[in-house]
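# Descriptive structure summary
Chain by chain, the residues run as shown.
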Amino acid sequence: MAEKNDLQFTSCPVCVGNGVNDKGLKCSNCAGLGLGVFYFGKFYYWGLIFGRAMIKLRHLKKNLHLILNLVVFILGILGLIALGWWIWLISNHSNDLTSFAFWQIKHWLILAFWISVIADMFIIYRISEEEVIKQKIDKPKYNEKNDVSEMPNNWRQLSKAKAKYKIEVSFGFNYEAIKVLEDAYILADTAKNGQVCAKHLFFSLLKNNNVLAIFSRLNLNLSELIAKVENQLVLLPSNQGKTFLSNELKEILISAYLTARDSGQKKVKPAYLILPILAKDKILSEVLYELEVDSDKINNVIQWFAVSEKMVDNYHLYRAKAHLKPSGNMDRAYTAIATPVLNHFAFDLTLTAKWGRLALCVGRKKEIEAIWQNLESNQFGIILVGEVGVGKNTIIGQIAHLMVEENVPKILKDKRLMELDLPRLLSGASPEKAEERLLVILDEVSRAGNIILYINNIENLMGITAGEEQSLDLSEVLANAIERKNLICLTTSTNENYAKYLENKPLGNVLAKIIISEPEINQAIQIVESKINFFEAKHKVYFSYNSIAKAVDLTDKYIHDKYLPAKAIEILESIAVGVAKTKGINSLVTENDVAKVVSEITKIPVAKITESESEALLNLEEKIHQRMVDQVEAVSMVSASLRRARAGLREMKRPIASFLFMGPTGVGKTELAKTVAEVYFKDEEYMIRLDMSEYQHPDSVEKMIGNSDGALGYLTEAVRKMPFSLILLDEFEKAHPDILNLFLQVMDDGRLTDAQGKTIDFTNSIIIATSNVGAVFIQDNIVAGVGMEEIKQKLINEHLNKVLRPELINRFDGIIVFKPLSIEDVRQIAKIMLAKVGKMLEAKGFGFNVSDEGIKKIAQEGFDPKFGARPLRRLIQEKIENEIANKILSGNIKRRDVIIIDDNGLVLIEKGKKL
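Residues numbered from 1 in each chain as written. Predicted model: local features only at pLDDT ≥ 70, side-chain atom pairs only at ≥ 80, totals over all residues. Heavy atoms only, no water.

## Looking at the overall build of the protein chain
Quick note on the threshold: A run of H or I in DSSP counts as a helix once it spans at least four residues, and a run of E counts as a strand once it spans at least two, with each numbered from the N terminus. By the convention used here, residues are in contact when the closest approach between their heavy atoms is within 4.5 Å. Only the protein chains shown count as cover for residues, and all accessible areas are computed by the Shrake-Rupley method using a 1.4 Å probe.
Helices and strands together make up the secondary structure of the protein chain, namely 38 helices and 24 strands. Taking contacts inside the protein chain between residues at least 6 apart in sequence as the whole, the part at least 24 apart equals 75%. Total accessible area computed for the protein chain in this model is approximately 45,300 Å², and 54% of it derives from carbon and sulfur atoms.

Set out below in structure tokens:
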């Protein structure tokens, strides 16, 4: 359902759409039609007259009808009492059976009974007449065309046109919708606004329980909304003239009628007025937007309510539509042939639909229309191709529903839709037996003439052959039957199986392919909503609309090995179970509940940024410098990128960030990558590290993305399992050019397809490549006092361009040059490294102290301008950690002893106090 923004309304030029002249009489030019629209060969207009007197008269008439119905009902009850009393009197005073002849009026009680019977017949007649008079919205018919060529081309001709071409839409509104309109009229008349406009109608809608329920699902602050609308009503101009419905309002009412019509509703309910109002009144639309509600959200919730109502009425609806549909294998003419073998191996989907046991299909009109077009084009085989979970079987179920209603092309009318159970057909049977069963079934279908065959996962028939090599397999047997037009067959398959088993094969060639893609976001939300009532009833929790929308949005963005709507439905059911356990029954499922579960599954922080996390993001540099020494430019650039990513200010189709770190060995390139993993991803384990020197050969591509034989690629499999991660590419320039081309695609599109055809998502990854290119050049220029920016430009132009293609260099978000470490930098690094040693010792119950002079001594011994901090790491391991380990193993150190690093960098032991 959507607002009818494309309708071309036309109004009578004489009465300007009012339908009446200055004297209050019907316009002579349009005969009271006033304003309307041509739609699918008919003219729709609003003809109900409003006024305080007319409103009172309608209410009086309604009340009189109610009183009359009540009086007649009481008479009926009294008549039954009179009959029972008379029977009791006769049974106590006479044994003659002829005395019980109640059709002979011999007693006043019998007279009272017959009067009540006449009264009952009268009320039944009145109710049936009211139902005949009461107009329901006509449903759109299959193959309906919006042709207005036969319609009158002027108002006088239109006023004289046949009644079937003119639809007075007010008869299609239910009592509640008319009541809302009456309230809007009284509101405008009381305020002396002169005409009833969209704002009056919207304010009146806020008193309707169904409309309030819609806004409640949207978590809307109703008090704030009412206050804002009241403020808008105060601004409306005053007019002392007679109050009437504005043309804008009539257009809203007609649009609501047509929207309800196209949605298959019986009556226009108040909820269907909301979207046309917002389409016409941009101020009200802005009011709702300020409250974080837009037309898409309202539309989706209205669809949710509509589907819920349809599910409640499902049984009654399909019983009413299917009263002529046979319950067995016969058609209405009772000419079908028995199909015992088919009945044994198949399910009757039309019979299941008749009893309302198939899930409702939301949307998918285009796909169903494509099926109709192929069938009408004399195509007897159709295959729906799409991934698991996109709704192929639900579409087939909708076809069964439409067949029950007979709202299908002629070729499908008066037919049964039977699903062949392939596992049952093939289980326990040799190829010869399976072929025999299939041939018998095909023969039964062909002879019956009233069966449409449906086979799910049709690829399971491929490769089953009875006999020698020259024999046909089962798929070719079915293909021959379809090609000879012996039967109509609907089938399904996944994209992968279609390409692998069916494409360019005999069976694939006779099946018209219809792609079933993932639904777009709003359609997916509406599909998911159709399942929510079941979850709410089962788990005793309630879902807000925002939680459903959040589940669809987050699973679409972050879960890529499953497909909408199935993946969102799975997530929501697991959330319902969790909320019921943690919060208790009757709890509300919120957006944060959804975000928390998705975060747990994907390891991606998708919840709303908390105050503590916000503070941490704003102070990233400080946190990183707790582990990193100097390299201020690198730390600042990385921190800014992470903040933009967490705030959602980045290109969502690219990785979070991609950097190329350049500089001599041992200056902190890898350490910064580890620090980012710990600070942003909360753990160094969220780092995928690849030594690119191991990928120097052409066949290294297979190591990276796998091969067609089923071997998995290291990179693609690692990212698939851990999409929220930092990818560290050491010595990037040493990789083979084909490998570098892969990363060109990753940094451009944020995805990579592995050898099995699976698309791996890199949009939640940070890519950091390191390179030692120009290391000596950097050191020499630093010593010469050249500025870092000049060094960087020369490094890129004179050194980096020789090993990497310019387009790859330009894909990096930043190229950062790390400067060589100074002795003071190494002293700070030594302090950080020794602090880590201290933490390990404290965890074992030992104390640890290091003097400042000791730190300086160790830093001096571990400093090497060529290798940065790498010698320092080895020095601390050999001189400090090895010495401490030997003392622990020899028993020289006990719990509570304090290990001291003295001014000479030597390990000393200070004995702790005995307990």
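## Focus: the sheet that holds strand β2 (residues 35-39)
Worth spelling out the cut-off: A pair of strands counts as paired when DSSP detects no fewer than two bridges linking them. For helices, the fitted axis covers only the stretch in contact; all axes are lines through C-alpha atoms, and the angles between them, taken along N-to-C directions, range from 0 to 180 degrees.
Pairing is mixed in the open sheet, where 4 strands are placed in the order β1-β2-β3-β4. Of all strands in the sheet, those bounded by a partner on one side alone are β1 (10-11) and β4 (166-168). Alignment of strand β3 (residues 42-45) against β4, held across 3 bridges, turns out to be parallel. Following the sheet pairing, tyrosine 44 is matched in β4 by isoleucine 167. Its contacts with the sheet place helix α8 (residues 247-262) against β2, β3 and β4, and it is angled at close to 30° to β2.

## A short note on the environment of leucine 425
What counts is decided by this rule: Residue burial is assigned from relative accessible area. The probe radius is 1.4 Å, only protein chains are included, and a residue is buried under 20% of its type maximum, exposed over 50%, and partly exposed in between.
Its location among the elements puts leucine 425 in helix α17 (residues 422-426). With a relative accessible area of 0%, leucine 425 lands in the buried category. Each C-alpha atom, one on leucine 425 and one on alanine 346, is 8.8 Å from the other, the two residues being 79 residues apart in sequence. In contact with leucine 425, other than residues within four places in its own chain, are Phe345, Leu420, Arg437, Leu438 and Ile441.

## A few points about the pairing of strand β17 (residues 725-730)
Consecutive side chains along a regular strand alternate between the two faces of the sheet. Where burial is concerned, most of β17 is hidden: 6 out of the 6 residues are buried. Of the two faces of β17, both are covered, the one formed by Ser725, Ile727 and Leu729 as well as the one formed by Leu726, Leu728 and Asp730. The sheet contact formed by strand β16 (residues 687-691) and β17 spans 5 bridges and is parallel. The residue bridging leucine 690 from the neighbouring strand is leucine 729, located in β17.

## Describing the packing of helix α18 (residues 431-448) against helix α19 (residues 474-483)
Defined as follows: An angle below 35 degrees is read as roughly parallel, one above 145 as roughly antiparallel, one from 65 to 115 as roughly perpendicular, and any other as oblique. The hand of a helix crossing depends on one turn: near helix anticlockwise from the far one by less than a right angle means left-handed, and clockwise means right-handed. For this scheme, ten residues count as nonpolar: Ala, Val, Leu, Ile, Met, Phe, Trp, Tyr, Cys and Pro. Four count as charged, namely Asp, Glu, Lys and Arg, and the remainder, Gly too, count as polar.
Close contact between α18 and α19 brings their axes to 10 Å; oriented N to C, the two are set at 15°. Taken together, the axes of α18 and α19 lie roughly parallel to each other. Taken as a pair, α18 and α19 cross one another with a handedness that is right-handed. Counting all contacts with α18, which are made through Ala434, Glu435, Leu438, Leu439 and Leu442, the residues of α19 involved are Leu474, Val477, Leu478 and Ala481. Looking at the contact of α18 with α19 residue by residue, the classes come out as 8 nonpolar, no polar and 1 charged.

## Overview of the pairing of strand β15 (residues 657-662)
Counting buried residues in β15 gives 6 out of 6 residues, a clear majority hidden from the surface. Going residue by residue along β15, you find Ala657, Phe659 and Phe661 tucked away on one face and Ser658, Leu660 and Met662 tucked away on the opposite face as well. Alignment of β15 against strand β20 (residues 765-771), held across 6 bridges, turns out to be parallel. Within the sheet, the bridge partner assigned to phenylalanine 661 lies in β20 and is threonine 770. As paired strands, β15 and strand β21 (residues 814-817) are joined by 4 bridges and run parallel to one another. Across the sheet, residue phenylalanine 661 finds its bridge partner in β21, namely isoleucine 816.

## Some details on the environment of leucine 187
Its location among the elements puts leucine 187 in helix α4 (residues 175-190). Considering only alpha carbons, one finds leucine 187 and serine 204, 17 residues apart in sequence, at a separation of 8.2 Å. Setting aside its immediate chain neighbours within four residues, leucine 187 contacts His200, Phe203, Ser204 and Leu233.

## With respect to helix α29 (residues 669-680)
Operational definition: Every helix has an expected span of 1.5 Å times one less than the residues it contains.
When the terminal C-alpha atoms of α29 are compared, their 17 Å separation across 12 residues agrees well with the 16 Å that a helix rising 1.5 Å per residue should span. Where burial is concerned, most of α29 is hidden: 9 out of the 12 residues are buried. Considered for burial, the residues of α29 that qualify are Lys669, Thr670, Leu672, Ala673, Thr675, Val676, Ala677, Val679 and Tyr680. Remark: lysine 682 follows α29 within two positions and exhibits a positive phi of approximately 75°.

## Examining empty space enclosed by the protein
In this approach, a probe sized like a water molecule rolls over the atoms, and the result shows the empty space that is left. For the record, the criterion: Using only the protein atoms, space was sampled on a 1 Å grid; points where a 1.4 Å probe fits but cannot get out form cavities, open sets with protein on both sides within 12 Å along at least five of seven lines form pockets, and lining residues are those with an atom within 4 Å of a point. Grid points are joined across faces, edges and corners, and a volume is the space filled by probe spheres set on the points.
All chains considered together, the criterion is met by 2 cavities of 30 Å³ or more. Taken as a whole, the largest cavity holds about 100 Å³ of empty space. Together, Asn210, Ile214, Lys269, Ala271, Tyr272, Ile302, Phe305, Ala306 and Glu309 line the largest cavity. For the lining of the largest cavity, the elements supplying multiple residues, two or more each, are α6 (209-217) and α11 (295-312). Its residues assigned to classes, the lining of the largest cavity comprises 6 nonpolar, 1 polar and 2 charged.

## With respect to unusual backbone geometry
Cis peptide bonds are those with omega within 30 degrees of zero, and the linkage from leucine 564 to proline 565 qualifies with 0°. For proline 565, the location among the structural elements is in the loop between α23 (545-558) and α24 (566-582). In this model, aspartate 414 sits at a positive phi of 60°, which is unusual for a non-glycine residue. With respect to the helices and strands, the residue aspartate 414 is situated in the loop between α16 (392-405) and β9 (416-420). Phi angles above zero are rare outside glycine, and asparagine 586 is one such case at about 65°. As for its position among the elements, asparagine 586 is in the loop between α24 and β14 (587-589).

## Observations concerning the packing of α23 against α24
Axis separation between α23 and α24 bottoms out at 9 Å; the angle between their running directions is 125°. Between α23 and α24, the angle falls in the class oblique. By crossing handedness, the relation of α23 to α24 is classed as right-handed. Mapping the contact onto sequence places Ser547, Ile548, Ala551, Val552, Thr555 and Asp556 in α23 and Lys567, Ala568, Ile571 and Leu572 in α24. For the contact of α23 with α24, the residue count by class is 6 nonpolar, 2 polar and 2 charged.

## Here we look at the sheet that holds strand β7 (residues 346-348)
Strand pairing in a sheet relies on backbone hydrogen bonds. The paired strands run either parallel or antiparallel. One open sheet holds the 6 strands; their spatial order is β7-β9-β10-β11-β8-β12, and the pairing between them is mixed. Edge positions in the sheet fall to β7 and β12 (512-515), since each has one partner strand and no second. When strand polarity is set aside, the average angle formed by the axes of neighbouring strands in this sheet is 25°. With 4 bridges connecting them, strand β8 (residues 381-385) and β12 associate as parallel partners. Each residue of the ladder has a partner; that of isoleucine 383, found in β12, is lysine 513. Strand contacts of α18: β9 and β10 (451-455), with the helix running at about 145° to β10, the strand carrying the most contacts.

## So, the confidence of the model for the protein chain
Inclusion rule: The predictor rates its confidence in each residue with pLDDT, a number between 0 and 100.
Confidence in the prediction of the protein chain, expressed as mean pLDDT, is 83, and 90% of residues score 70 or more. Counted against residues more than four places away or in other chains, residues 330-335, with its pLDDT under 50, gives 11 contacts.

## Some points on the pattern of salt bridges
Note the threshold: A side-chain nitrogen of Lys or Arg and a carboxyl oxygen of Asp or Glu constitute a salt bridge if their distance falls within 4 Å.
Evaluated as defined, the whole model comprises 33 salt bridges. In this structure, lysine 179 engages aspartate 183 in a salt bridge whose closest nitrogen and oxygen atoms are separated by 3.0 Å. Separated by 4 residues within a single helix, lysine 179 and aspartate 183 lie in helix α4, roughly one turn from each other. By relative accessible area, which is 19% here, aspartate 183 ends up buried. Across the pair glutamate 824 and arginine 827 runs a salt bridge, and its minimum N-O distance is 2.2 Å. Of this pair, glutamate 824 and arginine 827 are both found in helix α36 (residues 823-843), 3 residues apart, which corresponds to roughly one turn of the helix. Residue glutamate 824 is classed as partly exposed on the basis of its relative accessible area, which comes to 36%. Residues joined by salt bridges that share partners form a network here, namely Glu717, Arg720 and Lys721.

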